[in-house]
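Observations on the model geometry
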Amino acid sequence: MDFGFHAPTISFPVAGGIMVEPTESESKLELDHFCEAMIQIREEIKEIENGTADHHDNVLKNAPHTMERVCGDEWTHPYSREKAAFPKAWIHTRGKFWPTVSRVDNVYGDRHLQCT
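Presented here is an overview of the structure given in this document. Each chain has its residues counted from 1, following the order in which its sequence is written. In view of the model being predicted, local features appear only for residues whose pLDDT reaches at least 70, and side-chain atom pairs are presented and counted only at 80 or more, with totals across whole chains, interfaces and linings using the full set of residues. Side-chain numbers come from the whole structure's heavy atoms, not from hydrogens or water.

Comments concerning the overall build of the protein chain
For helices the rule is a DSSP run of H or I covering at least 4 residues; for strands it is a run of E covering at least 2, with both sets numbered from the N terminus onward. From N to C terminus, the protein chain includes 5 helices and 2 strands. Helices and strands in the protein chain line up, N terminus first, as β-β-α-α-α-α-α. When a residue's accessible area, from a 1.4 Å probe over protein chains only, is under 20% of the maximum for its type it is buried; when over 50% it is exposed; and in between it is partly exposed. A burial count over the protein chain gives 25% of its 116 residues as buried. For the protein chain, long-range pairs separated by at least 24 residues make up 54% of all intrachain contacts whose partners lie at least 6 apart in sequence. Exposure was quantified through the Shrake-Rupley algorithm and a 1.4 Å probe, taking into account, for residues, occlusion by the shown protein chains and nothing else. Only carbon and sulfur atoms are counted for the fraction: they give 57% of the accessible area of the protein chain, which is about 8400 Å². Contacts between residues were defined by any pair of non-hydrogen atoms, one from each residue, lying within 4.5 Å.

Side note on the environment of F86
Mapped onto the elements, F86 comes out in the loop between α3 (81-85) and α4 (90-94). Relative accessible area serves as the criterion here: at 23%, F86 is assigned to the partly exposed category. As for F86 and D2, which are separated by 84 residues in sequence, their C-alpha atoms are 6.8 Å apart. Setting aside anything within four residues of it in sequence, one finds F86 in contact with R81, I91, H92, K96 and W98.

Points about the pattern of salt bridges
Think of a salt bridge as a Lys or Arg side-chain nitrogen and an Asp or Glu carboxyl oxygen that are within 4 Å of each other. Scanning all chains against the criterion turns up 5 salt bridges. With a shortest N-O distance of 2.8 Å, R94 and E30 are connected by a salt bridge. Of this pair, R94 sits in helix α4 while E30 is found in helix α1 (residues 28-49), placing the two residues 64 residues apart along the sequence. The buried category is assigned to E30, whose relative accessible area is 18%.

Considerations on the packing of aromatic side chains
Aromatic rings from Phe, Tyr and Trp, taking only the six-membered ring of Trp, are treated as a pair when their centres fall within 6.5 Å; an angle between ring planes under 30 degrees marks them as stacked, one over 60 as edge-to-face, and anything in between as tilted. Under the defined criterion, the tally for this structure stands at 2 aromatic pairs. Ring geometry for F86 versus W98: centroids 5.9 Å apart, planes at 85°, classification edge-to-face. On the criterion of sequence distance, the pair formed by F86 in the loop between α3 and α4 and W98 in the loop between α4 and α5 (106-111) is long-range, its members being 12 residues apart. Since its relative accessible area comes to 22%, W98 is described here as partly exposed.

Side note on the nonpolar core
Counting 6 residues, the largest nonpolar core is built from F3, F5, F34, A37, W90 and I91. Of all elements in the fold, only α1 and α4 reach the threshold of two or more residues within this core. When sequence neighbours within four positions are dropped, the list of residues in contact with A37 reads F3 and F5. Throughout, nonpolar core names a set of buried Ala, Val, Leu, Ile, Met, Phe, Trp, Tyr and Cys residues whose side chains join them through atoms within 4.5 Å.

Considering unusual backbone geometry
Here the residue pair A63 and P64 is connected by a cis peptide bond, since its omega of -5° sits within 30 degrees of zero. For P64, the location among the structural elements is in the loop between α1 and α2 (67-71).

Details of the environment of F5
In this structure, F5 sits in the segment before β1 (9-11). Assessed through its relative accessible area of 13%, F5 is described here as buried. Each C-alpha atom, one on F5 and one on W98, is 8.7 Å from the other, the two residues being 93 residues apart in sequence. With near-sequence residues (within four places) excluded, F5 lies in contact with E30, H33, F34, A37, W90, R94 and F97.

Rendered as structure tokens:
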């Protein structure tokens, strides 16, 4: 979501694999941006693997970054607000989807579903 994409339809048809299904209405440029985002996320994983990014406080562990968090007065992370909110330059001109909440504990959320 930090790249400005709403979460796509995802399934896991093969153990250890992932399948992403964009809608038919996406342009080639938008699909290219999505591929760039996936490549950038892999680079962020490498930063954690090789120790250049903190194992516990990194752009992936804290994603998605809300507007309130990025624009707030306090920023204690070892990476920049720019890297958190606009990890690719094209996001500035294309615009982005801002999540209203940060990460939710997936397992806890699945086991404690509350509808409001």
